[in-house]
Amino acid sequence: MGSIIVGPRFPAWLRTQNEVEVLDMRNASISDAIPSWFHYDNIMSLDLSSNSLTGNPLEFKQLKHSRTILEDLCKLENLSYLDLSNNHLSGRVPPCLGNLRDLGILNLANNSLSGQIPSSLGNLWQLYVLHLNGNKFVGKLPTSMQHLRKIARLSAYICESSIFDYSVPITSQFPFGSRKQAYDHSNVTCIESERHALLQLKHGLKDESNRLSSWIGEGYCSWEGIGCHKITGSVLKLDLRNMVPLYSDEDYHCTNCLGGQLTPSLFNLTNLRYLDLSVNNFSTFQVPTFLGLLKNLRYLNLSGAGFHGEIPHHLGNLSHLQHLDLGDSYSSPVWNLLSTKDLGWVVGLASLQGLVLFGVNLTAAQDGLQSINMLSSLTTLDLHSCNLFIHPHLSHVNFTSLASLDLGENNFNNYTVPPWLHNLTGLHDLHLGYNNLSDPIHGLFDQMTSLVHFDLSSNRFDASTLKSLCNASSLTYLDLSENILQGPIPNKIGQLSKLTNLLLSSNKLNGAIPTNLWQLTKLQDFDVRNNSLTGVLSEDHFAKLRELKSLDLTGNSLALNVSSSWIPPFQLQEIGMGSIIVGPRFPAWLRTQNEVEVLNMQNASISDAIPNWFQVLCDNITSLDLSSNSLTGNPLEFKQLKHSRYASREVSLSSNKLDGSLKSFPLDISDLDLSHNFLTGHIPQLEDGQTSVVHMLGFLFLNDNRFTGTIPEDLCKLENLSFLDLSNNLLSGRVPLCLGNLRDLWILDLANNTLSGQIPSSLGNLWQLYALHLNGNKFVGKLPASMQHLRNLEALDLGDNGLKDIIPAWIGERLSNLRFLRFQSNNFRGPISDTLCQLSHLRVLNLAHNNLTGFIPHCFNNISAMVSAFDIGYGIYGQESLQDIKGGREFEYYASSLRLLKSVSLSANNLVGKIPDGIMELVQLQVLNLSQNHLTGRIPDKIGNLKQLETLDLSMNALFGAIPESLSDLYSLNFLNLSHNKLSGPIPSGNQLQTLTNPSIYEGNSGLCGKPLPNNCWEHRLPTKNGPIDDDEGHSESDWSWFYAGTGPGFAVGLLGVLGILLFKKSWRYAYFKYIESACDKIWAYDYQSGCCCCCPECLEKQ
């Protein structure tokens, strides 16, 4: 019953408990004398510490059953901590203790145990602390103890035992110093043991940057990170926090982070009060359980150190701990991956004032908040991103002393703010962001008069919340970004006179920015980007904002109208004016801003030359975006940053009118985008000594310019390059083989140049590649077999080249992640491999304009991405594009539309056979082009299944039969071409087909009739899907069918009857032929030239 309220009186009910062996009532609020009836002759473990007990100290008698206690404990197989020190145990240590294989600490000190130390203790391989001092052991140390490799503390001092023969060289096995120090108790001091503990700690750590180089010699109090007691010299503080992580150039590895394993030698620092191991890299290791033995700790910080696994509950033994940080750190190279299923252990941290569990997985700890609620001394609680279920009702809120509370990114019941927050009247900082909360919070601030910092970002609060917050006059920081605020910004916002940060981005605010807001003289950060605010901002609006450091107006319908001589009262560090009107002149006031680090004026209607003075300003800018304007002149030249908190910078000048040549690659830039300009000349080589500076270049976009020459091999030195886009230029020559050395490359786009030769096999080394665009060049030869190693490839475009090969089977067998495959306009031959059907994620298949033969595979229905609407999306980068068919023409699909495209184009090949029914199962298909082949058979009736189809081209084949009426079910169809086949019958009508009125759709099919063709069908009515057509007199089509069905047989029967009579009745036969001869004589065919009858034999002979 430790750390719960039992007192103030000594609990009388204990008098009835006759079998008690363990009694823990530490810190139980007992203020009373120990009664005389309190006997503890049978109690094995008694803890009444941290109370207000009075009277004489207790007298201990020997346990009645002391000799059997140890044997009974041997049955506890999972025991890891056994402390029986300072009792009256006697007899021998039972050998069965060696069966407790999980034992880490064994303390039998200061008893009356006798005999030899049992050799079975050598089986305790997990043991790292062993105390046998203060007993009556005799004999030698058992040799089996050399197997205790993890031992960090051994107490078997000669002055406290009767062990005289040290024949075993224990110093080779136990890391506590020389042999002399092991047994010469007079020379062993606390200081020496702590020095050795520190050296053992250093030995177990990985220290690449030699941060612990000062850890030598005797005076450890002067070592880096060590703090000692001024009188005793005991280590009180161990601070190994990595203040400024440094990273390697190659793999972004933290070079000055400590790593390795923490040794149990830390347990020897018995007086340690402060331990900070944060922002290091102990990845793959768990938080050591022995930290729970450092009973004097007041401060423990393991944040951002890479620890993972379950948090050991042993930390709950640190009853004096005041600050515990197990969370993540944004500045750390690796994050902790910690979790716990039960937070009950925190109840033991009775003195805790600060608890930081940022990022710790508390999904399974559903009662976590209830346990934390027991910590009445808490002033800081950080549970950000813990996936903790927030109970709306707590029976009693104990942590009313909280000054800072962070519950961001958790699971709130019914997405509502818990009412117990009203009781936390002393809060200064409150973070509730990223919780999707929507419940109104009116009245929350009635008693929170001390609230200074409030974060409500990424929820669903409306404008009423913002209005209610205008009464919180103590606020200095307010974040309501990414909510659903509508309407104008309230005028009452001017009441928040202490406000320094106002963040309202990504809402639906409209109207003009209120005048009162510009009176907030302490405002430092004002962010209203991505709203619908309107109006013209003049110099007067900013006149009182002298402390402003960050201003973001991006994505509104605002215009900045200031004079060219305006000198702002502020010095901005971050400027966001994208997609508002700043131009047409280049803003001259920027010349006065000497502290700018971030400048965004993309799409700001600037049509001007870049002034010379701007070059100087750019030397300090870490993020520059002037894209989508009409800037003219030469591209900027960037010098290396002199002083910056950023390691690299980003520059985008794309979509302007810059011309001239690029003289060199800008220094220390990670992202460079100069695409869509009029740059000429060669892509620059790296200058001597520059390679080490531009190694950080990861994104290089030079596409859509007029660069000439070859691809420089110097680009191969940019080892961190992830995106390389040189498409749509005038580059020629071969692709450098060394491009295969860029192992981090994700996107390689060399499309639409005049590159020639074979595709280099070295590209098969780009294992990270997921998009390869080589289309629109002059490549020849076969596909290199090494490309089958590109397992991550999702887009492969080799169209419009001169490649001559079969379609390799490994494309379907090895490149299983492909989503876009385009081989159009090459010389691929042979059949279409059935292995392509294994590409279940394929969204675009374009093999048009090749020399492919054979049948269309029947297994296309295995391409699930074209069957299901729930295929995983493709990570397309912003400038990626792909050519495909739309409306019967080549169309350039860009990122936004490419994500939705699903298409099959096999046109202009030599394919034969029928259209397989499997294609009719591709119900998500939008484009189907099988034209210009030798396909036969009928159009499948199931074509009506392709409800998403927008383009259908089956022209120039040998298809026959009627057009299926189900074709009219294609409601999305906007392009259709069935021309030049052998189709016959009436053309279906109705629905979407009524809008496709161009007769050329059906031309070249002589058997077709009906609209939109000029030749109507025989019944003058087009067949419809809804049933037969009635004629003008009300007779249905079925009536006429019966009439025609009877005419043929009737005629045959009548003719047979006449011929039968002539055959069997001679008088009828003579009369019939006489009549025929007479009729012939009366028929004259007059020839106007000869004047003779055409039937007269004489005339015929004369002619």
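Before reading further, recall that the structure is shown in the block above.
Let me begin by describing the structure that accompanies this report. (Residues numbered from 1 in each chain as written. Predicted model: local features only at pLDDT ≥ 70, side-chain atom pairs only at ≥ 80, totals over all residues. Heavy atoms only, no water.)

**Describing the packing of aromatic side chains**
Next up, step 1: Scanning the model with the defined rule gives 20 aromatic pairs in all.
Next up, step 2: Arranged with centres 6.0 Å apart and planes meeting at 80°, the rings of Phe-542 and Phe-570 form a pair that is edge-to-face. Of the two residues, Phe-542 is situated in the loop between strand E32 (532-537) and strand E33 (550-552) and Phe-570 in the loop between strand E34 (557-560) and strand E35 (574-576); the sequence distance between them amounts to 28 residues. For the pair shown, Phe-542 and Phe-570 are each scored as buried.
Next up, step 3: Centroid distance Trp-566 to Phe-570: 6.2 Å. Interplanar angle 85°. Geometry classified as edge-to-face. No difference in accessibility class separates Trp-566 from Phe-570, as the two residues are buried. (Phe/Tyr/Trp six-rings, centres within 6.5 Å; stacked < 30°, edge-to-face > 60°. Helix = DSSP H or I, 4+ residues; strand = E, 2+ residues; numbered from the N terminus. Buried < 20%, exposed > 50% of the residue type's maximum accessible area, 1.4 Å probe, protein only.)

**Quick word on the side chain of Asn-336**
Next up, step 1: On the secondary structure map, Asn-336 appears in the loop between strand E18 (323-325) and strand E19 (337-339).
Next up, step 2: A polar contact of 2.9 Å, which involves the side chain of Asn-336, links it to the backbone nitrogen of Gly-306.
Next up, step 3: Not counting residues within four places of it along the chain, the set of residues in contact with Asn-336 comprises Leu-302, Ser-303, Gly-304, Ala-305, Gly-306, Phe-307, Leu-326, Gly-327 and Asp-328. (Polar contact = N/O pair within 3.5 Å; in protein donor to acceptor, adjacent residues only side chain to side chain. Contact = heavy atoms within 4.5 Å.)

**Quick look at the state of the cysteines**
Next up, step 1: Scanning all chains against the criterion turns up six disulfides.
Next up, step 2: Here the bonded cysteines of the protein chain are numbered in sequence order, and their pairing is 1-2, 3-4, 5-6, 7-8, 9-10, 11-12. (Disulfide = S-S within 2.5 Å.)

**Some remarks on the pattern of salt bridges**
Next up, step 1: Per the counting criterion, the structure on display carries 12 salt bridges.
Next up, step 2: Between Arg-195 and Glu-218 there is a salt bridge, with its nearest N and O atoms 3.4 Å apart. With Arg-195 in helix H3 (residues 190-204) and Glu-218 in the loop between strand E11 (205-207) and strand E12 (226-228), this residue pair connects regions lying 23 residues apart in the sequence.
Next up, step 3: In this structure, Asp-797 and Arg-822 form a salt bridge, with 3.0 Å as the shortest nitrogen-oxygen distance. Placement of Asp-797 in strand E51 (residues 795-797) and of Arg-822 in strand E53 (residues 820-822) is noted, with a sequence separation of 25 residues between them.
Next up, step 4: Taken together, the shared-partner salt bridges in this structure form one network comprising Glu-192, Arg-195 and Glu-218. (Salt bridge = Lys/Arg side-chain N within 4 Å of Asp/Glu carboxyl O.)

**Considerations on unusual backbone geometry**
In most cases, non-glycine residues show a negative phi, while peptide bonds are predominantly trans.
Next up, step 1: A cis amide bond, omega 15°, links Gly-583 with the succeeding residue Pro-584.
Next up, step 2: If you trace the backbone, Pro-584 turns up in the loop between E35 and strand E36 (598-600).
Next up, step 3: Pro-1012 follows Lys-1011 through a cis peptide bond whose omega is 10°.
Next up, step 4: Positionally, Pro-1012 belongs in the loop between strand E67 (1007-1009) and helix H9 (1037-1064).
Next up, step 5: The phi torsion at Asn-603 lies on the positive side, around 55°, for a residue other than glycine.
Next up, step 6: The residue Asn-603 is located in the loop between E36 and helix H6 (613-618) in this model.
Next up, step 7: Of note, Ser-605 is a non-glycine position whose phi angle comes to about 60°, a positive value.
Next up, step 8: Along the polypeptide, Ser-605 turns up in the loop between E36 and H6.

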